[in-house]
Amino acid sequence: MNSDNQSIAYPRHISIVMDGNGRWARQRGLPRNAGHRAGVRAARKVVEACGERDIEILTLFAFSSENWSRPETEVTLLMRLFVESLQREVQDLHKNKVRLRFLGDRTSLPIALIRQMESSERLTASNEGLKLNVAVSYGGRWDLVEAARLLATRVAKGELQPEQIDEALFSAELSLAGVADPDLFIRTGGEKRVSNFLLWNLAYSEFLFSDALWPDFDSVLLDQAIDDFTQRRRRFGRTTEQLSAG
Ligand code: FPP
């Protein structure tokens, strides 16, 4: 909940759907996995750029609940790529004071990835630089259902009355509990949809769709997106006149 965000001219929290790796590879006559590797390089640069620009929180959508239905070979290669990339990058992220967290349903992930995620979260837990959230096996609907299940369990145990459930209690059970909502949502790759990303948290985000394929997204395009955001007027349901009156 961050209804006080209307006065923030600069985004505190950016969330990104990194789309277009496959097309980037196809345009170069390369296998899809080469696109995903280039996608990891782009993610690394954007993480650095966000750190340099004092962005507080960056949430990246790396693998959705729906991505499990891709061909098995692609899923296997992606999982391997996540493990390798994390192993390679975690010390550097730590040195740069990045706090890493993963969102999503870990139950179906390979054990090597779960271990790597857990150790990276532990290592970087007290860092006070950029808060980097990476959504893996994540779906906005999954997140909402999990929250509902957790609340229902508390009701069943008698810890909570149904009438006590409000937006604050509900959002406290979501993956991004306690984290300011994304101010800016960016999707690369030309498609204009949310694809089951942070359904609750994006309620008042500003949306920016870029035709750039994710591996081509860089600090210049990030700056353009931030500039675009700073030109917008966020109303959070109020009228323009109310905002002008302060
Ligand atoms: C989207 O392109 C990419 C994915 C679903 C795969 C995962 C993302 C990366 C490897 C980028 C960075 C990762 C990390 C760990 C932060 P697509 O395959 O949907 O492309 P297409 O729409 O052109 O086929």
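So, here's what we can say about the structure. (Residues numbered from 1 in each chain as written. Predicted model: local features only at pLDDT ≥ 70, side-chain atom pairs only at ≥ 80, totals over all residues. Heavy atoms only, no water.)

**Some remarks on the overall build of the chain**
Looking only at helices and strands, the chain features 8 helices and 6 strands. Walking the chain from its N terminus toward its C terminus, one meets helices and strands in the order β-α-α-β-α-β-α-β-α-α-β-β-α-α. Its C-alpha atoms give the chain a radius of gyration of 19 Å, near enough to 18 Å, the size a compact globule of 246 residues would have. Once the C-alpha set of the chain is aligned to its principal axes, its extents read approximately 55 × 50 × 35 Å. A fraction of 75% describes how many contacts in the chain between residues 6 or more apart in sequence connect residues 24 or more apart. Here the chain displays about 12,700 Å² of accessible surface, and carbon together with sulfur accounts for 50% of that area. Between the centroid of the 33 positive side chains of the chain and the centroid of its 34 negative side chains there is a distance of 4 Å. (Helix = DSSP H or I, 4+ residues; strand = E, 2+ residues; numbered from the N terminus. Rg over C-alpha atoms; globule rule 2.2 N^0.38 Å. Contact = heavy atoms within 4.5 Å. Areas by Shrake-Rupley, 256 points an atom, 1.4 Å probe, with all protein chains shown as cover. Lys, Arg positive; Asp, Glu negative; His and termini not counted. Charge placed at Lys NZ, Arg CZ, Asp CG, Glu CD.)

**Considerations on the layout of surface pockets**
In this structure, the largest pocket encloses a volume near 900 Å³. Lining the largest pocket are 40 residues, and of these Met 18, Phe 61, Ala 62, Phe 63 and Phe 82 lie nearest its centre. (1 Å grid on protein atoms, 1.4 Å probe; cavity = no way out; pocket = protein on both sides within 12 Å on 5 of 7 lines; lining within 4 Å. Points joined across faces, edges and corners; volume = space filled by probe spheres on them.)

**A word on the pairing of strand β2 (residues 57–64)**
Taking burial as the measure, the 8 residues of β2 include 7 buried ones, the bulk of the element. Bridge count between strand β1 (residues 13–17) and β2: 5 bridges; the pairing is parallel. Its bridge partner lying in β2, Ile 16 is registered against Leu 60. (Buried < 20%, exposed > 50% of the residue type's maximum accessible area, 1.4 Å probe, protein only. Pairing = 2+ DSSP bridges.)

**Section: the site of the ligand**
In the vicinity of the ligand there are 17 residues, among which Asp 19, Arg 23, Arg 32, Ala 62 and Arg 70 approach most closely. In this structure, Gly 22 approaches the ligand through a main-chain N or O atom, which is 3.0 Å from an oxygen atom. A distance of 2.8 Å separates an oxygen atom of the ligand from a polar side-chain atom of Arg 70. Protein chains shield 88% of the accessible area of the ligand, which is 620 Å² for the free molecule. Given that more than half its atoms are within 2 Å of the pocket grid, the ligand belongs to the largest pocket. Contributions of two or more residues to the shell around the ligand are made by α1 (21–27), α2 (32–52), β2 and α3 (72–95). Ranked by the residues each element gives to the shell around the ligand, the list is headed by α2, at 5 residues. Its residues assigned to classes, the shell around the ligand comprises 7 nonpolar, 6 polar and 4 charged. (Near = heavy atom within 4 Å. Polar contact = N/O pair within 3.5 Å; in protein donor to acceptor, adjacent residues only side chain to side chain. Sits in = over half its atoms within 2 Å of the grid points. Nonpolar A, V, L, I, M, F, W, Y, C, P; charged D, E, K, R; others polar.)

**Quick word on the environment of Asp 211**
Among the structural elements, Asp 211 can be located in the loop between β6 (206–209) and α7 (219–231). Residues Asp 211 and Lys 157, 54 residues apart in the sequence, show an inter-C-alpha distance of 49 Å. Excluding its chain neighbours within four sequence positions, the residues that come into contact with Asp 211 are Gly 189 and Gly 190.

**A short note on the side chain of Thr 124**
Assignment of secondary structure puts Thr 124 in helix α4 (residues 111–124). At 2.8 Å, the side chain of Thr 124 forms a polar contact with the backbone oxygen of Ser 120. In this structure Thr 124 touches His 94, Val 98, Arg 99 and Leu 100, once residues within four positions along its chain are discounted.

These figures capture arrangement, not role.
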